Structure formats: structure tokens, C-alpha cells
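Geometric and topological summary
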Amino acid sequence: MKERSMPFQFKPDPDQDNLVIRPGMSAQQKGWIRRKQIERSQSARAQEAEEARTFERIRRRSEMSLSQGLRKYRGRRELTQDQLAEELGCSVRAYRGYESGERDMPSSLLLQILAREDVDMHDLLNVRRDPVWAETRDMVIDRYNEAMALLSQHDLYLAVDAEAPARRIAGEINELGAEQTTSIAMRVEEEWLHLDRWYQAGGWGWDGVEDLWKEQQEEERRAERRARDAKRRDHG
């Protein structure tokens, strides 16, 4: 009786890059290559989908910015960039940089916009609000108001100098049912000591910051005039 020969056993290379079916290949080789082609195609589609999701996340996060919030705020008030820059007391060039995201906006200008009370901080920064229990939110607001009242009893250069310390104190609210929240009076005294040391060391308060900012704005305007004069001389 004639002994039957064993069928050819194909041993694929898992790292093979060239997945091309050529004449003369066995059925095993062709089948393995087709399966690998399908697997790689599915992997490529999955990678493309993940890259698209990542791009969308980055796009959405890029929209959550001050520059986007400024554009929405200006559009809602139907103002031009020139008009809003004039209202804020800054140069048009500087404002355009804030709205494009190319320049950092001074906190004094942010406070100036928020002082109008026609825009919320979350809307201006174009960020989503965190879900907060109404009771917790009320406790934070009450704590902030009490801290501001106590800080205002001290010898502040400006009332706005108490804003940052009061926000820090208000932000120390524990979740409802948690351990006792830090004492407002005690924290106010701690924050005032830091603020007073800053005053004694020559700190200006917000009035000094405003003066410095105005000097910087004036220097920018002088630089713009010098650049325009130089351009005219070059063309002349």
C-alpha cells in the first residue's frame, strides 16, 4: 500500500510586512495573507477612528479658552474689536492678541469685564461649570461674603486686594457631611498677615498694578509709532 505524503505545512512569519499574493503561492499562504490584510485594514481603521476622536477632544478643549469667550462676549454685545478695546482702555493691537490667544490678558482687564456683571466667569473663560450641589454653592458664597466683610475691616489699599484671599477662603469648603471646615475668622487673620507683609515690603495693591499696566500699554503705543515712522522712512 502506497504511503500518503503529508500536506505542505505553511509556517507564516508574524512580522512579515510584504502582504502581496503572488502566483505559485499555496492556498495556506494566500489564506494567511488575506487574513493579515483584513486584520491590518481593521487596525488601520481603528487607529484612524481613535485619531479622529483625539483630534475632536483637542478641538473642543481649544474652544474652552478665554479667547473664545472674549469673541462670544463681544459678539453678544455687538461690538467691534476697536470698540471693546477702547472700552477696556487698551490698544487695539493688544486686544486682538488677547482674542486670538497670542497674548495673555491681564487680570485687571478680566476684573474690569466681570465688574460689568453682564457675563459670568464660566462664560468668559468658555469653560463648562462643575456640577455643584446647591447647598454647597450657597455655603461657598456665604463663606466668601463673610471673608470679604472681615478682610474689609483691615487697612486695605484697595477693596479688590481682598478678592484673592476671600476666594481662597471660600474654596476651602468641605463637602457636606465631611469634617469641620476651617474657621473663617482664623483664615482671614492668616491671609491678612500675608497681605500686610506684602504691603510693608512695597506691594502696591491693584492701583499700582494698574499704573504699571498703563505704562506698559503706553510703551507699546510708542513702539508702534516708532515702527510706523521707520516704515515711512524706508518707503520714502
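Keep in mind that this is a model prediction, so the values were computed, not measured.

**Concerning the environment of Arg-74**
Inspection of the secondary structure assignment puts Arg-74 in helix H2 (residues 66-77). A relative accessible area of 16% means that Arg-74 is categorised as buried. As for Arg-74 and Glu-99, which are separated by 25 residues in sequence, their C-alpha atoms are 9.8 Å apart. Leave out the neighbours within four places in its chain, and Arg-74 touches Leu-79, Thr-80, Gln-81, Leu-84, Tyr-95 and Glu-99.

**A look at the nonpolar core**
Grouped together as the largest cluster of nonpolar side chains are 16 residues, with contacts concentrated most on Leu-70, Leu-88, Cys-90, Tyr-95, Tyr-98, Met-105 and Ile-113. Elements with a contribution of two residues or more to this core: H2, helix H3 (81-88), helix H4 (92-100) and helix H5 (107-114). The next biggest cluster of nonpolar side chains, apart from the first, holds 12 residues, and it includes Leu-156, Val-188, Leu-195 and Tyr-199.

**Observations regarding the pattern of salt bridges**
Applying the stated rule across the entire model yields 20 salt bridges. Two residues, Arg-116 and Asp-118, come together in a salt bridge whose shortest N-O distance is 3.0 Å. Using a relative accessible area of 30% as the deciding quantity, one classes Asp-118 as partly exposed. For Glu-163, the salt bridge goes to Arg-167, with nearest N and O atoms at 3.6 Å. In this pair, Glu-163 and Arg-167 are both assigned in helix H8 (residues 163-170), 4 residues apart and thus about one turn of the helix distant.

**Observations concerning helix H9 (residues 184-200)**
For H9, built from 17 residues, the straight-helix expectation of 24 Å at 1.5 Å per residue is met to within 8% by its first-to-last C-alpha distance of 24 Å. Listing the buried residues of H9 in full gives Ile-184, Arg-187, Val-188, Glu-191, Trp-192, Leu-195 and Tyr-199. Buried residues of H9, viewed axially, fall in a sector of 135 degrees; they line one side. Exposed residues on H9 whose side chains face more than 90 degrees from its buried face are His-194, Arg-197 and Gln-200. Sitting at the head of H9, Ser-183 places a side-chain oxygen 3.5 Å from the backbone nitrogen of Ala-185.

**A look at H8**
Side chains three or four residues apart in an α-helix point the same way, a direct result of the helix having 3.6 residues per turn. Among the residues of H8, those classed as buried are Pro-165, Ala-166, Ile-169 and Ala-170. Along the long axis of H8, the arc covered by the buried residues comes to 135 degrees, so they all point the same way.

**Notes on the side chain of Gln-217**
Here Gln-217 shows up in helix H10 (residues 206-235). For Gln-217, a relative accessible area of 2% translates into the label buried. A distance of 3.5 Å separates a polar atom in the side chain of Gln-217 from the backbone nitrogen of Ser-91. Residues within four places of Gln-217 in sequence aside, it is in contact with Cys-90, Ser-91, Ala-94 and Tyr-98.

**Thoughts on the side chain of Glu-99**
Structurally, Glu-99 is set in helix H4. Within polar-contact distance, the side chain of Glu-99 engages the side chain of Arg-74 at 2.7 Å. For Glu-99, the contacting residues outside a window of four places in its chain are Ser-67, Leu-70, Arg-71, Arg-74 and Gln-81.

Parameters and conventions
- Residues numbered from 1 in each chain as written.
- Predicted model: local features only at pLDDT ≥ 70, side-chain atom pairs only at ≥ 80, totals over all residues.
- Heavy atoms only, no water.
- Helix = DSSP H or I, 4+ residues; strand = E, 2+ residues; numbered from the N terminus.
- Buried < 20%, exposed > 50% of the residue type's maximum accessible area, 1.4 Å probe, protein only.
- Contact = heavy atoms within 4.5 Å.
- Core = buried A, V, L, I, M, F, W, Y, C linked by side-chain atoms within 4.5 Å.
- Salt bridge = Lys/Arg side-chain N within 4 Å of Asp/Glu carboxyl O.
- Expected span 1.5 Å × (residues − 1).
- Arc of directions from axis to C-beta.
- Polar contact = N/O pair within 3.5 Å; in protein donor to acceptor, adjacent residues only side chain to side chain.

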